[in-house]
Amino acid sequence: MLPAIVAGGMMLIPLVYLVVRASATERTELAAIVLRPFTLEVTLNTLALVGSVLALTTAIALPLALLVTRTDIPAKRAITILATLPLAIPGYVMAYALIGLSGYYGPLNAFFGLRLPRPEGLFGAALALSLYTFPYVFLNMRAALLGLDPALEESARSLGRSSRAAFLSVTLPHLRPALLSAWLVVALYTLGDYGAIALMRYDVLSSAIFSQYANAFEVNYAAWLALMLLAIAAAFLVLEGALNRGRRLARTGTGTRRSIPVVALGRWRWPALGFAALVHLASLGVPALVIAFWLSRAPADVDWAKVPATVLGTLSVALPAAALAVAIAVPVALVATRWPSRLTYGIERMTYFGYAVPALPFALATVFFTLAVVPALYQTLAILVIALALHSAALAVGPVRVRLLQIGPRVEESARSFGYSAPAAFRSVTLPALSRSVLAGAIFVFIMVAKELPITLLLAPSGFTTMAMNVFSRTHEGMLYEAAPYAALMIAFSAISVALMLRSERDRP
Amino acid sequence: MTDITNTAAPFLRIDGVSKRFGDVAALRDVSLDLREGEIHALIGPSGCGKSTLLRIVAGFEGADEGAVHLGERRIDTLKPEARGIGIVFQDYALFPHLTVAQNVAFALKYADDARRAAGTAPLLRMVRLDGLESRYPDELSGGQQQRVALARTFAAGPRAILLDEPFSNLDASLRETTRREIRDILKASGLGILFVTHDREEALSFADRISVLRDGGVEQTGLPKDLYFRPANAFVAGFLGSTNFLDGIADGASAETPIGRVSLDRPASGPVQLSLRPEAIGIAPEGSDGVPAIVASLVFKGHDASAFVRVGEATFEVLMPASLDVQPGQCVSVAARASAVVLKG
């Protein structure tokens, strides 16, 4: 119980310091600091970006999900996998690919003599974010469509609705909760992203927090901006909860569910395939092409000697962070499943809270906490590892919790009846059965941390560098060939996590 | 069998156990005992507290009041692992990461030297699972899983075994055969067995003695036959089989009831409530001995059939051979063929 409470508390304490720091502003100065036109501008930009990304991801993902679940489009499995893979591409790599595509030295000009303006601003940022977050909407929609009981639509038909009316009046309302939760995930991603947006030179709250803290040294202003970003994230969470509350969409029947009948596409087959191909080309083809292009362009100019040290830098953060996250996740999941109560539920929610908090406010809070409480840890690898582990512990709680619920307390009780003490029973029965989920959780955290940019940028000791930091800073400086090897490595790393996800999806009974 | 259970000394005693969950009284002053070599069923509707009682004996729940003794030793204050009581869960709780032999060996770790030296082979032979040692639980049928769970429970050398709804996870078609097999294995072990069920047929056919629970209290404990033919109250009578409740006026050995004069299982006088099983009422052509009745409906059940007959305002269930030519709406005569059980009076 105790480790779980400590883990939950560690999530909250830094945020308290964020408030402490923000409230340190003199009341008379407050208005002058916070109420500038810039604040309004970045806030509106943030909301515009979230809106654009939600619209774009839905426009990509909803038709794709309908195609693979409700029509006879060929190669459904391939389309599904290809539509999941972009998850492996970090936002800043996607931005790197879009930026690297155009430009005087880019592949479009080199091969086709086609010169496009460098993508930037709202359009560039929304495109980069949408191309790697649409799989969340796609996977949620696909699962919801597959989970739908065809008898519902059939009942509507037998009650006199046309197939179109049945879809609109029965199917769509049932998709709403899944769509809303996918939107929440995408919106939180958008709020938390820093790399892609900064590369696209678009000013939003997160990039303003970073520049105010790291460049302008207006720390109190950064704290206020962080609180505003937090408030927007919290508002999204509450909104999603409120919109989904009181919906009665649970399946009430007990009969076996049949598979969904599919619609024959007929002559729409080729346009449909063309749409899917276009999505895959933009989300996967472009990054692959651009990275390969820049790798081949100037291999001699890349400082190859630096690569192993950078990989080592990433590993030195990601490995301990994964271990720590698992050490937090197992007790949290254990108390939440074995002794369900308001307290343990709260502790478990806390880890999700740590995950939902946008990265830069989280990092800033950690800085304030470290400076105020343990200044010795400021700018050390240790605090970076702790912050990243807390931020991503929820990824490990998920699989462990699901497995614990599957295992249940009976096997441990059995072991007790054979003479095993409570700890011995847990060690010899539950832990072995848990090992695969613990490993999966650790890998998810590992990948997440390896890809992570904003927290690492803000908390890394000076001189310390990771692969993610290199992709970002080299692209920022316009040295696209220098960024290429790291971008390639990042995608290779992340591909592992997507492979795991696809496997767990397939293993599900 | 009846002789054994009547003469063997009680060695697991549950005395005045009470348990509350918040505002809900799960068990109210429950006392019962288990004798050596006896199979004792706890039966009752869901929520009657039977599973809670099992978990208190096993040590996974604590009792608020009362005591549990195993032999001379008080065990309700001990940890589960120190009680020497085995339990087989409804879902068997086999360890999915261990093979059949490893599952059984797991339970041998804290067993006595003789058992450990003997190993898993004799246990698996006892439940006829030899040859399946290296299978994993998910490669076994439900019945085989249950026998692994049983062998594993025997391995630890318990003095008594608890079974929680042991047959509810089996196909109906397998249940009867499995029940006979398991009963033979349990009987051969000579251990006391306390088992929980909500299936009356299972309790009647599997147990040496039955305790009927309702709302956390014991309604009646006794031999299956005694409970079926001499239920102590209307609940026990109705729970262990379908029955007809009659109001009558008793005058000694018999009573006047809506279906005529009925002999009683014990002398009574004045107003009484009686229970008369469907098989204790005879049906005959109109005009025969008995009271006139009209057949309201018929339920065909294969080897026999139930006729629901109306006598005045009341409806009674009568069990009759399926071959009997009776039609709904037909006028018949009904009469008691056996004595009724006096429930109140």
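An unreviewed UniProt entry annotates chain B as ABC transporter ATP-binding protein originating from Rhodomicrobium udaipurense.

The name an unreviewed UniProt entry assigns to chain A is Iron ABC transporter permease, from the organism Rhodomicrobium udaipurense. Quoted verbatim from the Sequence similarities (unreviewed entry) field of the UniProt record, the comment on chain A reads "Belongs to the binding-protein-dependent transport system permease family."

Undergrad: Quick one: what's the story with the overall build of chain A, residue by residue and with numbers?
TA: When its secondary structure is counted, chain A shows 22 helices and zero strands. The C-alpha extent of chain A, read off along each of the three principal axes, is 70 × 65 × 50 Å. Burial analysis of chain A (509 residues in total) assigns 52% to the buried set. Of the contacts formed within chain A by residues at least 6 apart in sequence, a portion of 84% connects residues at least 24 apart. On chain A, roughly 22400 Å² of surface is accessible, and the fraction owed to carbon and sulfur atoms is 67%. Of the charged side chains in chain A, 38 are positive and 22 negative, and the gap between their average positions amounts to 11 Å.

Undergrad: Outline the interface of chain B and chain A, listing residues and values.
TA: Taken together, the 21 residues of chain B in the interface contact 15 residues of chain A. At the boundary of chain B with chain A, total buried surface from both sides reaches about 1700 Å², with 65% on carbon and sulfur atoms. When the buried surface of chain B facing chain A is broken down by residue, Glu-81, Phe-106 and Tyr-110 of chain B rank first, second and third, together holding 34% of it. Taken together, the connections running from chain B to chain A amount to two salt bridges. Seen at the junction of chain B and chain A, the total is four residue pairs in polar contact (both at pLDDT 80 or more). Each residue belonging to the side of chain B that touches chain A can be placed in one class, and the counts come to 13 nonpolar, two polar and six charged.

Undergrad: Please give an account of the domain arrangement of chain B that cites residues and values.
TA: Residues and elements named next belong to chain B. Each domain of chain B was delimited in the assignment, giving domain 1 (2-239) and domain 2 (244-344). If you look at the interface, domain 1 gives ten residues, while domain 2 gives eight residues. Where domain 1 abuts domain 2, roughly 720 Å² becomes buried across the two surfaces, and 48% of that area is made up of carbon and sulfur atoms. When the buried surface of domain 1 facing domain 2 is broken down by residue, Tyr-228, Arg-230 and Ala-237 rank first, second and third, together holding 54% of it. Viewed at the interface, domain 2 and domain 1 are joined by one salt bridge. Between Asp-265 and Arg-230 there is a salt bridge, with the nearest N and O atoms lying 3.9 Å from each other. Linking domain 1 with domain 2 are three residue pairs in polar contact (both at pLDDT 80 or more). Of all the secondary-structure elements, those providing two or more residues to the side of domain 1 that touches domain 2 are helix 9 (224-229) and helix 10 (234-239).

Undergrad: Kindly report on the confidence of the model for chain A, identifying the contributing residues and their values.
TA: Residue and element names in this part refer to chain A. Of all residues in chain A, 93% attain a pLDDT of 70 or more, and the chain-wide mean is 83. Confidence, read as mean pLDDT per element, is least for helix 8 (residues 150-158) in chain A (72) and greatest for helix 3 (residues 37-70) (93). The model gives residues 250-256 a pLDDT under 50, and that stretch makes three contacts with residues more than four places away or in other chains.

Parameters at a glance
- Residues numbered from 1 in each chain as written.
- Chains lettered and ligands numbered in written order.
- Predicted model: local features only at pLDDT ≥ 70, side-chain atom pairs only at ≥ 80, totals over all residues.
- Heavy atoms only, no water.
- UniProt positions renumbered as here; feature names shortened; annotations may be inferred.
- Helix = DSSP H or I, 4+ residues; strand = E, 2+ residues; numbered from the N terminus.
- Buried < 20%, exposed > 50% of the residue type's maximum accessible area, 1.4 Å probe, protein only.
- Contact = heavy atoms within 4.5 Å.
- Areas by Shrake-Rupley, 256 points an atom, 1.4 Å probe, with all protein chains shown as cover.
- Lys, Arg positive; Asp, Glu negative; His and termini not counted.
- Charge placed at Lys NZ, Arg CZ, Asp CG, Glu CD.
- Buried area = accessible area lost by both parts, 1.4 Å probe.
- Salt bridge = Lys/Arg side-chain N within 4 Å of Asp/Glu carboxyl O.
- Polar contact = N/O pair within 3.5 Å; in protein donor to acceptor, adjacent residues only side chain to side chain.
- Nonpolar A, V, L, I, M, F, W, Y, C, P; charged D, E, K, R; others polar.
- Domains from an automatic or database assignment.
- pLDDT = per-residue confidence, 0-100.

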